[in-house]
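Fold and geometry: a report
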Amino acid sequence: MDMIAARASISFNVETVRDYLFAGRTNWKTHQKIEDILKSDPVFDKSQRNFIGRLDAYDRALATTKRLIELQRIHGWSKQEKERAAFILSELLPMRMHDIAFAPVFPGQASSAMMLEYWDLVSNNGIQGCYLQTELGHGSNVACLETTATYIPETHEFEIHSPTLTSTKWWIGGLGKTATHGIVQAKLILPDGKDVGPHLFLVQLRSLEDHTVLPGVSIGDIGPKACGGLAAIDHGYARFHHVRIPRTNMFSKFAKVTEDGRYVQPRNPKHSFGGMMYIRAGMVATAGWTIARAITIAIRYTTVRRQGERDEHGLERQVIQYPSTYYRLIPILSRAYVFIALGGQTMQELTTVTEHSNEGDFTKLSDLHAILCGLKVLVTNSAVRDLETARRALGGHGYSAFAGIGRLYADYLPAVTYEGDNFVLDGQVVRAAMKAYQASISTPAPPLATHSSYIRLLKGEHPKPVVDTTIWQNSNDIIYLLEWRAALVLKEFVRTLDELDASANQRLSKAVTDAFVAVRIGEMITDLDVPPRQEGDIIRALYHLYLLTTAEEALVDLFSTGLLQRSGDRDLRLAIKRHCLLLLPNAIGLTDAFSFSDWALDSALGVSDGRVYEELWRRAQLEPLNQLGNTPGYYKSLRPVLQEGQKLSRSRL
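Residues numbered from 1 in each chain as written. Predicted model: local features only at pLDDT ≥ 70, side-chain atom pairs only at ≥ 80, totals over all residues. Heavy atoms only, no water.

Examining the overall build of the protein
Selection rule: Strands here are runs of E lasting at least two residues and helices are runs of H or I lasting at least four, both read from the DSSP assignment and numbered beginning at the N terminus. Here the globule rule is a power law, 2.2 Å times the number of residues to the power 0.38, and the radius of gyration is based on C-alpha atoms. Relative accessibility decides the category of a residue: with a 1.4 Å probe and only protein chains considered, values under 20% of the type maximum give buried, values over 50% give exposed, and everything between is partly exposed. Two residues form a contact once any of their heavy atoms are found within 4.5 Å. For the area figures, the Shrake-Rupley method with a 1.4 Å probe applies, and any residue is considered shielded solely by the protein chains shown. For the purpose of charge, His is not counted, nor are the chain termini; Lys and Arg are scored as positive and Asp and Glu as negative. For this purpose, a charge sits on NZ of Lys, CZ of Arg, CG of Asp or CD of Glu.
Counting its regular elements, the protein contains 22 helices and 13 strands. For the protein, the C-alpha radius of gyration of 27 Å lies close to 26 Å, the compact-globule estimate for 653 residues. Dimensions along the principal axes, computed over C-alpha positions, put the protein at roughly 90 × 80 × 60 Å. Sorting the 653 residues of the protein into buried and exposed places 50% on the buried side. For the protein, contacts bridging at least 24 residues in sequence account for 73% of all contacts bridging at least 6. With an accessible surface of roughly 30400 Å², the protein has 54% of that area assigned to carbon and sulfur atoms. Taking the average place of the 72 positive charges on the side chains of the protein and the average place of its 71 negative ones, the gap between the two points comes to 4 Å.

Right, here's the structure in full:
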């Protein structure tokens, strides 16, 4: 009844908002068509996955990937449609590392000769690849990687070698048991002994006949991960003992070594970031959709869960009606919408910059690198926090695997570390901000890039915002305030450069990225003139709530920079409350717009009809322990304990 009532109160067209999230109805129809194929296929059955161990999870993952590839060929799916199928499945698979981290490097980094030799194999899954960068002793500090690639001019080969234990490649997804080839990040050593830094090399790891590991290579799985996360992925290690590869196996589209051992430098060293930039750009929308799954579960469950105080009908109140609940959940909903839309923009921008770079125009490459560093930090920090907040909103049942959020959290948690540790990436954002600031005070000063436009405020030509109760009603005013916050935090950073406090990098990075995202939200709000008014207004309210909660997180900065005084924080928090209450009647509709089927969501507490207790009961009956007539270990362990206890009890009577 509660779910029916919630849907009856929706005041906008869910399909229109759904089409907005999917960037058009055509995309949604494609999504739906592919999902119908997947959920009708027994290979993709999810009913037993909470009960299987790691070996079975790995085996299931390989079968899942095999079937995906078969379906791609049967239905003639394009690359984008195959990616959509993987997105719908939302399962982390070892062979997906090939698509995410291996294959994209070839068009961006490989020479024409390497593309001619390998691309058909790569694109048709004739080989399976992984990306070997992280080492046992070094992760984000790529410059200090120890694996070497020494050029041998006499044989026109590179020798790949792991000189120390700490040079062992580690945490490599898909390496432990799956990959046949790997892109190895190694220090390039020229014949004269000169180290010219990390470069990429293609190394065959396993036989294409029987999948055995090739001579000179030691490979294994690094073992189970925290919280049981990423169980199906074979994160592996690899050591190389003087392994020879042809000179042409160097990724040499931009930097190369000639046959006689001369090094040809790239026109722009940022080219080597191409693969990582692609992954980071994709992480923005991924964070949004991951949050969307969790918040759909949380809002649906707290809508039908009644607990505590009685309402006017004598019923216990819906949990979502408590301020302590909606104040946590509705802002998470706003972040899901923002990150999904921002992710689409980010991928479009990466495509444009990549096209320009391929034509020799590198002017925006450094700016985009800085933007992606900041966005990666923002969205992954937010998602990890929001997943746990959503799980805790489910109460005790949130700890059940059947709830679905625990799995999401365990699998997503390492995102704050891979593709660049977030604390390290903060330093990249700060360096870009300082570089932009130094350029802005030079003569003549170059135009400010998109991510550093806030620096214009330090030139004395723009008044500081007047913060009163009305500022929180206007999105443009909040955006301007967040830009001023970034400018003044940067100004203070420069002033105290000789003795920075320990969290200075993190605060500046956050302020700069928040300002960038706020400006982008302003553009999104302007573009909302396209959807019908009712739907545009509801999305606009979500975006405005995002800005409000960003300002709330920035309160320390706003007070310390003098932008906010006295009781301004109370006015802000009341504005957040009003916006949450404004959106609350449409919360179910806004989660329905994500278009997660019960099969895709796979959550007992997030079922669309609200019958959460029936579904929780049904799933509990599938527990293997419940299929046993006797208690395992009863005669060996439990019975002796009980008998001894009973014997001792009788002896004391």
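Now, onward.
Here's the deal with the packing of aromatic side chains
To keep it simple, the criterion reads: Between rings of Phe, Tyr and Trp, where Trp is taken as its six-membered ring, a pair exists when centres lie within 6.5 Å; planes separated by under 30 degrees are stacked, by over 60 edge-to-face, and by other angles tilted. Whether a charge lies above a ring is judged from NZ of Lys or CZ of Arg, which has to be within 6 Å of the ring centre and within 35 degrees of the ring normal.
If you walk through the whole model with that rule in mind, you get 15 aromatic pairs. When the ring of Trp289 is compared with that of Phe596, the centres are 6.0 Å apart and the planes differ by 85°; the resulting orientation is edge-to-face. Of the two residues, Trp289 is situated in helix 9 (residues 274–304) and Phe596 in the loop between helix 19 (587–592) and helix 20 (598–601); the sequence distance between them amounts to 307 residues. No difference in accessibility class separates Trp289 from Phe596, as the two residues are buried. Note on Tyr634 and Tyr635: the rings are 5.0 Å apart at their centroids and 80° apart in plane angle, and the pair reads as edge-to-face. Members of the aromatic cluster, connected to one another through ring pairs, are Phe22, Phe87, Trp289, Tyr337, Phe594 and Phe596. The ring of Trp28 has Arg18 sitting right over it, with the charged end atom 3.5 Å from the ring centre. The ring centre of Trp599 lies 4.4 Å from the NZ or CZ of Lys46, which sits over that ring.

Details of the environment of Arg611
You can see Arg611 is positioned in the loop between helix 20 and helix 21 (612–620). Given the relative accessible area of 47%, Arg611 is considered partly exposed. As for Arg611 and Met1, which are separated by 610 residues in sequence, their C-alpha atoms are 9.5 Å apart.

Overview of helix 4 (residues 54–75)
What counts here: The span one expects for a helix is its residue count, reduced by one, times 1.5 Å.
Over its 22 residues, helix 4 runs 31 Å from end to end, which matches the ideal 32 Å to within 8%, given 1.5 Å per residue. Buried positions along helix 4 lie against helix 3 (25–39) and helix 5 (79–89). Downstream of helix 4 by one or two residues, Gly76 has phi in the positive range, about 65°.

Brief notes about the sheet that holds strand 7 (residues 217–221)
Put simply, the rule reads: A pair of strands is treated as paired once DSSP finds two or more bridges between them. Interaxial angle, 0 to 180 degrees, is taken between N-to-C directions of lines fitted to C-alpha atoms, where a helix line uses only the stretch in contact.
Ordered by their spatial adjacency, 3 strands build an open sheet running 4-8-7, and the pairing between neighbours is antiparallel. For this open sheet the edge positions go to strand 4 (169–172) and strand 7, each flanked by a neighbour on one side alone. Averaged over all adjacent pairs, the angle separating strand axes in this sheet is 20°, with direction ignored.

A word on the pairing of strand 9 (residues 243–246)
Taking every second residue as pointing to the same face, the buried face of strand 9 carries Val243 and Ile245, while none of Arg244 and Pro246 on the other face is buried. Sheet topology note: the strand 3 (residues 157–161)/strand 9 ladder contains 4 bridges and is antiparallel. Within strand 9, the position partnered with Phe158 by the bridge is Ile245.

What to know about the nonpolar core
Heads up, the rule is: We define a nonpolar core as any set of buried Ala, Val, Leu, Ile, Met, Phe, Trp, Tyr and Cys residues linked to one another through side-chain atoms lying within 4.5 Å.
Residues Tyr337, Trp472, Tyr543 and Phe594 are the most contacted members of the largest nonpolar core, which totals 124 residues. When residues of this core are assigned to their parent elements, the largest contribution, 15 residues, is made by helix 9. Counting residues in hydrophobic clusters, the runner-up holds 25 residues, among them Ala179, Val184, Ala186 and Ile245.

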